[in-house]
Amino acid sequence: AKADGRGTFRYFEPDMDAKMQARRVLELDLRKALLNGEFEVYYQPLINIAEDRVSCFEALLRWNHPLRGQLLPDDFISLAEEIGLISQIGAWVLRQAAMDAAEWLDDIRLAVNLSSAQFKGLGLVQDVVVALEASGLPASRLELEITETVMLHDTGNTLAILHKLRELGVRISMDDFGTGYSSLSYLRKFPFDKIKIDRSFIGDLPGGGDAVAIIKAISGLGASLGMTTTAEGVENWAQLDKLRLEGCTEVQGYLFSPARPASQLADLLSYALGS
Ligand code: C2E
Ligand code: CA
Ligand code: CA
Ligand code: CA
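Fair warning: this is a prediction, and the values are worked out from it, not measured in the lab. For every chain, the first residue of the written sequence is number 1, and numbering continues from 1 onward in sequence order. Going through the entries in the order they are written, you letter the chains from A and number the ligands from 1. Residues qualify for local features only when their pLDDT is at least 70, as the model is predicted, and side-chain atom pairs are given and counted only at 80 or more; totals for whole chains, interfaces and linings, by contrast, use all residues. Derived side-chain values reflect all non-hydrogen atoms in the structure, with water molecules and hydrogen atoms excluded from consideration.

1. Re the site of ligand 1
Logical step 1: Neighbouring ligand 1 are 20 residues; Gln44, Arg62, Arg199, Glu235 and Tyr254 lie closest to it.
Logical step 2: Residues adjacent in sequence count toward polar contacts only when both atoms are side-chain atoms; beyond that, a polar contact is any pair of N or O atoms within 3.5 Å, and within protein one must be able to donate a hydrogen and the other to accept it. Within the contact set of ligand 1, an oxygen atom lies 2.8 Å away from a side-chain nitrogen or oxygen of Arg62.
Logical step 3: Separating a nitrogen atom of ligand 1 from a side-chain N or O atom of Glu235 is a distance of 2.5 Å.
Logical step 4: The protein chains shown are the only cover counted for residues, whose accessible areas, like all others here, come from Shrake-Rupley with a 1.4 Å probe. For ligand 1, the accessible surface in isolation is 810 Å², of which the surrounding protein chains cover 84%.
Logical step 5: Helix numbering and strand numbering both begin at the N terminus, where a helix is a DSSP run of H or I of at least 4 residues and a strand a DSSP run of E of at least 2. At the level of elements, β2 (53–65), α2 (73–82) and β6 (171–177) are the ones that each hand at least two residues to the shell around ligand 1.
Logical step 6: Among the elements that make up the shell around ligand 1, the one with the highest residue count is β2 (4 residues).
Logical step 7: Per-class residue counts for the shell around ligand 1 are 8 nonpolar, 5 polar and 7 charged. Residues are classed as near a molecule or strand on a simple rule: at least one heavy atom within 4 Å of it. Residues are grouped as follows: Ala, Val, Leu, Ile, Met, Phe, Trp, Tyr, Cys and Pro are nonpolar; Asp, Glu, Lys and Arg are charged; all remaining types, including Gly, are polar.

In structure tokens, the structure reads:
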């Protein structure tokens, strides 16, 4: 077994080099991407179930890489965090998305994802203020989505920053709810406006009793805490029916639309369920 282990190690060595090489190349590309205008914000609709209409669009970042084609966040966000670029990129997303959203109807909100690294220092509040002022988008139409890693990596000022953002009139959503270890305790630390139920729970719907019980519990929890609930990753009508039944506020997923470029939202801006 030992000999095998050594052989395996030697076998993987060139592979590791190739991986690190590829990472270094991607890092250099990433450092130029903002300046070269290679980022693009896509938008995926959130549908309010009771009102049968689009209530919000979530901004999802895409990188149009000149050689590799379009890259998804999972290919580059963690790298951007590691090399200290995420705050700059995040500020750009806020500005671009706010400008796009200012063109939509007044009752449609914009949701933007934040990385925990954007909570280091005090730049985030300024970035949000600049984005709102430059675009004319009212603060009440902006929702910021954070995952529990933001609370987990709290260096002391995360809650203060969240409260400052709230004072501006911005809404705060807890993303990927239920996937971490302490989602519930974070609900007590900060009064979120919205809970986004992670799509791993929706995938099990309509299915057995457990999945339904969990959705019912989270929707009930949200309602009693005065928070709205959004179900992510809704892919079929059976899931939508269950979510409607359990009192979920909003739904989001491929059943309605994947994320699209800003120029391709016209039909969604007048979307009605079932029509
Ligand atoms: P997220 O915030 O949980 O966003 C939802 C992800 O699920 C998106 O992937 C979306 O395209 C995908 N999705 C939507 N509907 C469905 C569905 O019905 N089924 C399935 N299987 N998937 C669905 P995407 O765009 O690849 O984004 C991945 C993650 O990257 C996001 O997860 C978010 O955490 C992060 N991200 C995206 N944009 C930004 C950004 O501007 N800044 C930061 N910091 N993170 C971002
Ligand atoms: Ca999100
Ligand atoms: Ca999510
Ligand atoms: Ca996620």
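Let's pick the thread back up.
2. Things to note about the pattern of salt bridges
Logical step 1: For this analysis, a salt bridge means a side-chain nitrogen from Lys or Arg found within 4 Å of a carboxyl oxygen belonging to Asp or Glu. The full count for this structure, using the stated rule, is 15 salt bridges.
Logical step 2: Between Glu143 and Arg109 there is a salt bridge; the shortest N-O distance is 3.8 Å. Taken together, the positions of Glu143 in strand β5 (residues 142–146) and Arg109 in strand β4 (residues 109–113) put the pair 34 residues apart, joining distant regions of the chain.
Logical step 3: The buried category is assigned to Glu143, whose relative accessible area is 2%.
Logical step 4: One connected set of salt bridges, linked through shared partners, spans Glu58, Glu145, Lys196 and Glu232. For each residue, the accessible area found with a 1.4 Å probe, counting protein chains only, is set against the maximum for its type, and the residue is called buried under 20%, exposed over 50%, and partly exposed in between.

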